[in-house]
Amino acid sequence: MSVTAVVVGNPKPASRTLAAATYVARELSGAEPNLVVDLATLGPAVLDWSDSEVADLVKQVGAADLVVVASPTYKAAYTGLLKLFLDRFAGGTGLSGLAVPLMLGGSPAHALAPETTLRPVLTEIGGTVPGRALYLVDDRHDDPTAYADWLAATRPLVTAFLASSNGSR
């Protein structure tokens, strides 16, 4: 069985970003995510490199077959909260599966932000990004048609990867 994780770097807990990331994870894997990390709920523990709970979350996320990593767009990039968490992953080996970069923003003006800011970090820490990153305008986060074309292009890649990784684990 594949393990799917969601990591959300929105400073507001239970955000639209969380809803979007969970939707994407469910649509790609066909099931609810096994692990949801809403970084806003961790408080100052994210800053404490000796915190065992955060270290355990890093380990679980790193071992997942599929990780949806999501952030709102702040200053044309992902949040500092997400950066703090991603900095804990080892370069080249921190993620072992697929990593899907997802960002939400107020307008299409920053549509390339997940490609130019989040994707490079996810690949640097070992993730394999299937296809292009996903950007959504905030007010469409709950509209399935906003995801449809991206899902049609990305789902076959994810499905093939997850099927092959299930046979090898």
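None of these values were measured; they are calculated from a predicted model. (Residues numbered from 1 in each chain as written. Predicted model: local features only at pLDDT ≥ 70, side-chain atom pairs only at ≥ 80, totals over all residues. Heavy atoms only, no water.)

For side chains bearing opposite charge, pairing can occur when the charged atoms are close. Across all of its chains, the model carries six salt bridges by this definition. Taking the shortest distance from any N to any O, the salt bridge between Asp87 and Lys83 comes out at 2.7 Å. Judged by relative accessible area, which is 37%, Lys83 ranks as partly exposed. (Salt bridge = Lys/Arg side-chain N within 4 Å of Asp/Glu carboxyl O. Buried < 20%, exposed > 50% of the residue type's maximum accessible area, 1.4 Å probe, protein only.)

Turning our attention to the sheet that holds strand S4 (residues 98–105). With respect to topology, five strands assemble into an open sheet ordered S2-S1-S3-S4-S5, the strand pairing being parallel. Each having just a single partner strand, strand S2 (35–38) and strand S5 (134–137) make up the two edges of the open sheet. Sheet twist, expressed as the mean angle between neighbouring strand axes with direction ignored, is 15 degrees. The pairing of strand S3 (residues 66–72) with S4 spans seven bridges and is parallel. Residue pairing for S4: Val68 is matched across the bridge by Val100. Of the strands in this sheet, S3, S4 and S5 touch helix H4 (residues 113–124), which is tilted by about 145 degrees from S4. (Pairing = 2+ DSSP bridges. Helix = DSSP H or I, 4+ residues; strand = E, 2+ residues; numbered from the N terminus. Axes fitted to C-alpha atoms, helices over the stretch in contact; angles between N-to-C directions. Contact = heavy atoms within 4.5 Å.)

Looking now at the nonpolar core. Core analysis: the biggest nonpolar cluster contains 29 residues, and Val37, Val61 and Phe85 have the highest contact counts within it. Mapped by element, the contributors of at least two residues to this core are strand S1 (4–8), S2, helix H2 (52–63), S3, helix H3 (80–86), S4 and H4. Dropping the residues within four chain positions of it, Phe85 is found in contact with Val7, Val37, Leu39, Val46, Val54, Leu57, Val58 and Val61. The next biggest cluster of nonpolar side chains, apart from the first, holds 24 residues, and it includes Ala21, Ala70, Leu104 and Ala146. (Core = buried A, V, L, I, M, F, W, Y, C linked by side-chain atoms within 4.5 Å.)

Here we come to the side chain of Thr73. In this fold, Thr73 is placed in the loop between S3 and H3. When its relative accessible area of 17% is taken as the criterion, Thr73 is described as buried. Not counting residues up to four positions away in its chain, the partners in contact with Thr73 are Met103, Leu104, Gly105, His110, Ala113 and Tyr135.

As a further point, take helix H1 (residues 16–29). Between its first and last C-alpha, H1 extends 20 Å over 14 residues, near the 20 Å set by a 1.5 Å rise per residue. Those residues of H1 lying buried are Thr17, Leu18, Ala20, Ala21, Thr22, Tyr23, Val24, Ala25 and Leu28. Backbone nitrogen of Thr17 and a side-chain oxygen of the N-cap are separated by 3.3 Å at the start of H1; the cap is Ser15. Of the residues flanking the end of H1, it is Gly30, one or two places downstream, whose phi is positive at about 80 degrees. (Expected span 1.5 Å × (residues − 1). Polar contact = N/O pair within 3.5 Å; in protein donor to acceptor, adjacent residues only side chain to side chain.)

With that out of the way, let us pick up the layout of surface pockets. Vacant regions in the atomic arrangement are exposed by a probe of water-molecule size rolled over the atoms. In this structure, the largest pocket encloses a volume near 270 Å³. Lining of the largest pocket is provided by 17 residues; of these, Arg132, Leu134, Tyr135, Leu136 and Ala146 occupy positions nearest its centre. Of all elements in the fold, only H4, S5 and helix H5 (145–168) reach the threshold of two or more residues within the lining of the largest pocket. Among the elements that make up the lining of the largest pocket, the one with the highest residue count is H5 (six residues). In the lining of the largest pocket, the residues fall into twelve nonpolar, one polar and four charged. By volume, the second largest pocket is sized at about 180 Å³. As for the second largest pocket, its lining consists of 16 residues, and the residues nearest its centre are Asn10, Arg16, Pro72, Leu104 and Asp138. Along the lines of polarity and charge, the residues of the lining of the second largest pocket split into five nonpolar, eight polar and three charged. (1 Å grid on protein atoms, 1.4 Å probe; cavity = no way out; pocket = protein on both sides within 12 Å on 5 of 7 lines; lining within 4 Å. Points joined across faces, edges and corners; volume = space filled by probe spheres on them. Nonpolar A, V, L, I, M, F, W, Y, C, P; charged D, E, K, R; others polar.)

Residues spaced three or four apart along an α-helix point in a common direction, a consequence of the helix completing one turn every 3.6 residues. With twelve residues, H4 ought to run about 16 Å at 1.5 Å a step, and its terminal C-alpha atoms sit 16 Å apart, in line with that. For H4, the full list of buried residues reads Ala113, Pro114, Thr117, Leu118 and Leu122. For H4, the angular spread of buried residues about the axis comes to 115 degrees, placing them on one side. Those residues of H4 that are exposed and aimed more than 90 degrees away from the buried face are Thr116 and Glu124. On its buried face, H4 sits against S3, H3, S4 and S5. Positive phi appears at Gly126, one or two residues downstream of H4, with a value of about 105 degrees. (Arc of directions from axis to C-beta.)

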